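In case you want the letters, here they are:
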Amino acid sequence: MSDLRDLYQEVILDHNRSPRNFGEPAHCDRKADGHNPLCGDEIRVFVTFEDGVVKDVRFVGNGCAISMASASMMTDLIKGKTESEARHLFTRFHQIVTGQVEGTSDGDDEDADHLAVLSGVREYPMRVKCATLAWHTLVAALDGGDQPVVTE
Ligand code: ZN
């Protein structure tokens, strides 16, 4: 189990060091802002659709390693998904980090394996808000994105 935890830690550090899909796009269909005042994490998520699937999703912001790594992993996972698949992934991710379901799978479900990387935060309630900020902001963008998201 500790080997698995080390692996998760390494994945988180890697995403934090070199975040995927970081930077403001020239064009986007929807965007939203998110803020986690407990930690000071701030993020903006940009989503572009094509033929009903997420063609591009990018983010900018700054915050702790967990919030940035989670945002980076989210963008990797969401690309190519439909809007309803993206919302479904958010639900699963939320269940994993709050401990409602186990975060590991038998390996058949690649998305679940990726989501499980952040399952360690369930032991740290403050960190759950860091891990879910990007996802809440994504959902706000999908919803239309007029109001900034503040996790409380
Ligand atoms: Zn944070």
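Worth saying up front: this structure is predicted, and the values here are computed from it rather than measured.

(A) Focus on the pairing of strand β3 (residues 53-62). Pairing of strand β2 (residues 41-50) with β3 involves 9 bridges; the strand directions are antiparallel. Within β3, the position partnered with glutamate 42 by the bridge is asparagine 62.

(B) Main features of the coordination of the zinc ion. Coordination of the zinc ion by the protein involves Cys39 (SG), Asp41 (OD), Asp41 (OD), Cys64 (SG) and Cys130 (SG), with metal-donor separations of 2.2 to 2.6 Å. Going along the chain, you hit the donors of the zinc ion in the pattern C-x1-D-x22-C-x65-C. In this pair, aspartate 41 is assigned in strand β2 and cysteine 64 in the loop between β3 and α2 (65-78), connecting sequence segments 23 residues apart. Taking relative accessible area as the criterion, aspartate 41 reaches 0% and is therefore assigned buried. Under the relative-accessibility criterion, cysteine 64 is labelled buried at 15%.

(C) Inspection of the packing of helix α3 (residues 83-97) against helix α5 (residues 125-143) at higher detail. At a minimum axis separation of 10 Å, α3 and α5 run at an interaxial angle of 160 degrees. Considering their axes alone, α3 and α5 lie roughly antiparallel with respect to each other. Crossing angle aside, the handedness with which α3 passes α5 is left-handed. Across the interface between the two elements, Glu83, Ala86, Arg87, Leu89, Phe90, Phe93, His94 and Val97 of α3 pack against Val128, Ala131, Thr132, Trp135, His136, Val139, Leu142 and Asp143 of α5. Looking at the contact of α3 with α5 residue by residue, the classes come out as 10 nonpolar, 3 polar and 3 charged.

(D) Geometry of the environment of lysine 55. Residue position: lysine 55 is located in strand β3. The exposure class assigned to lysine 55 is partly exposed, which follows from its relative accessible area of 48%. Once the C-alpha coordinates of lysine 55 and threonine 82 are considered, the two residues, 27 residues apart in sequence, prove to be 9.4 Å apart. Contacts of lysine 55, omitting those with residues within four sequence positions, involve Thr48, Phe49, Glu50 and Lys79.

(E) The layout of surface pockets, seen in detail. As a volume, the largest pocket reaches approximately 270 Å³. As for the largest pocket, its lining consists of 13 residues, of which Gln9, Ile12, Ile66, Gly120 and Tyr124 are closest to the centre. Only α1 (2-17) and α2 provide two or more residues apiece to the lining of the largest pocket. Broken down by element, the residue count for the lining of the largest pocket peaks at 5 residues, all from α1.

(F) Quick look at the sheet that holds β3. Strands sit in the order β3-β2-β1-β4 across an open sheet of 4 strands; the sheet is mixed. This sheet does not close on itself; its edge strands, each paired only once, are β3 and β4 (149-150). Strands β2 and β3 of the sheet are contacted by α2, whose axis makes an angle of about 170 degrees with β3.

(G) How the structure looks around unusual backbone geometry. The backbone phi angle of asparagine 21 is positive, close to 60 degrees, even though this residue is not glycine. A residue is classified by how much of its surface remains accessible, and asparagine 21, at 14% relative accessible area, is buried. Positive phi outside glycine occurs at aspartate 51, with the angle close to 55 degrees. Along the chain, aspartate 51 falls in the loop between β2 and β3. Aspartate 51 gets classed as exposed once you look at its relative accessible area, which sits at 76%.

(H) Quick peek at α2. A rise of 1.5 Å per residue sets the reference length of α2, with its 14 residues, at 20 Å; its end C-alpha atoms lie 20 Å apart and thus fit the reference within 8%. In terms of residue burial, α2 counts as a mostly covered element, since 12 of its 14 residues are buried. Restricting attention to buried positions, one finds in α2 the residues Ile66, Ser67, Met68, Ala69, Ser70, Ala71, Ser72, Met73, Met74, Thr75, Leu77 and Ile78. Positive phi appears at glycine 80, one or two residues downstream of α2, with a value of about 90 degrees.

Criteria and cut-off values
Residues numbered from 1 in each chain as written. Predicted model: local features only at pLDDT ≥ 70, side-chain atom pairs only at ≥ 80, totals over all residues. Heavy atoms only, no water. Pairing = 2+ DSSP bridges. Helix = DSSP H or I, 4+ residues; strand = E, 2+ residues; numbered from the N terminus. Donors = N, O, S within 2.8 Å, 3.2 Å for Na, K, Ca; no water. Buried < 20%, exposed > 50% of the residue type's maximum accessible area, 1.4 Å probe, protein only. Axes fitted to C-alpha atoms, helices over the stretch in contact; angles between N-to-C directions. Parallel < 35°, antiparallel > 145°, perpendicular 65-115°, else oblique. Left-handed = near helix turned anticlockwise from the far one by under 90°. Contact = heavy atoms within 4.5 Å. Nonpolar A, V, L, I, M, F, W, Y, C, P; charged D, E, K, R; others polar. 1 Å grid on protein atoms, 1.4 Å probe; cavity = no way out; pocket = protein on both sides within 12 Å on 5 of 7 lines; lining within 4 Å. Points joined across faces, edges and corners; volume = space filled by probe spheres on them. Expected span 1.5 Å × (residues − 1).

Function cannot be read off these values alone, since they describe shape.
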